[in-house]
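Notes for the structure review
Chain by chain, the residues:
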Amino acid sequence: DIFKLFVSIFVHKQQQNALPNVFKDYFIVIENLGRRHTRQSKNLFIKRYRTKGGEKCLRCTGAKLWNDITDEIKITPSLTMFKMAYKKYLLSKYE
């Protein structure tokens, strides 16, 4: 769960433009691809990889974790509030 927390923090920072410009297009929101608007249009695009190693990369893992988070947590503007809400979300999975 610590791994999930740190990956989700990285994605949150990227979505809030708090990372260097190198990571600006690292994760792409589906609605920005120019496709139809669906229920998943706010989720991140998950690139398909041919190998298991590719599926374990940060880009793929981060998008999968981010897409599983509720929208209330995703739109949290403050990093501190995001961390608290995400920790509660992770702990609620154990109940």
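Residues numbered from 1 in each chain as written. Predicted model: local features only at pLDDT ≥ 70, side-chain atom pairs only at ≥ 80, totals over all residues. Heavy atoms only, no water.

Section: the layout of surface pockets
As a reminder, the rule being used: Here a cavity denotes a set of grid points, spaced 1 Å apart and computed over the protein atoms alone, in which a 1.4 Å probe fits but from which it cannot get out, and a pocket denotes an open set meeting protein on both sides within 12 Å along at least five of seven lines; residues with an atom within 4 Å of a point are reported as lining. Grid points are joined across faces, edges and corners, and a volume is the space filled by probe spheres set on the points.
Of the voids in this model, the largest pocket is the one considered here, and its volume is about 200 Å³. Around the largest pocket sit Gln15, Gln16, Val29, Glu31, Lys42, Leu44, Trp66, Asp71, Lys74 and Ile75, which together line it.

A few points about the packing of helix H1 (residues 2-15) against helix H5 (residues 79-92)
Two quantities define a packed helix pair, namely the angle between the helix axes and the distance between the axes. Formally: Lines fitted to C-alpha atoms define the axes here, with helix axes fitted over just the stretch in contact, and angles between the N-to-C directions of these axes take values from 0 to 180 degrees. Each helix is a run of H or I in the DSSP string that is no shorter than four residues. Each strand is a run of E no shorter than two, and both are numbered from the N terminus. Note on terminology: angles under 35 degrees are roughly parallel, angles over 145 are roughly antiparallel, angles of 65 to 115 are roughly perpendicular, and the others are oblique. Rotating anticlockwise by less than a right angle from the far helix to the near helix defines a left-handed crossing, while the corresponding clockwise rotation defines a right-handed one. When checking whether two residues touch, look at their non-hydrogen atoms; a contact exists if any pair is within 4.5 Å. Three residue categories are used. Nonpolar comprises Ala, Val, Leu, Ile, Met, Phe, Trp, Tyr, Cys and Pro, charged comprises Asp, Glu, Lys and Arg, and polar comprises the others, including Gly.
Axis separation between H1 and H5 bottoms out at 11 Å; the angle between their running directions is 140 degrees. Classified by the interaxial angle, the pair formed by H1 and H5 is oblique. Handedness of the crossing formed by H1 with H5: right-handed. Each of Lys4, Leu5, Ser8, Ile9, His12 and Lys13 in H1 lies in contact with H5, whose residues at this interface are Leu79, Phe82, Lys83, Tyr86, Lys87 and Leu90. Taken together, the residues of the contact of H1 with H5 sort by class into six nonpolar, two polar and four charged.

What to know about the environment of asparagine 67
Structurally, the position occupied by asparagine 67 is in helix H3 (residues 58-68). When neighbours within four sequence positions are excluded, asparagine 67 is seen to be in contact with Asn43, Leu44, Ile46 and Lys74.

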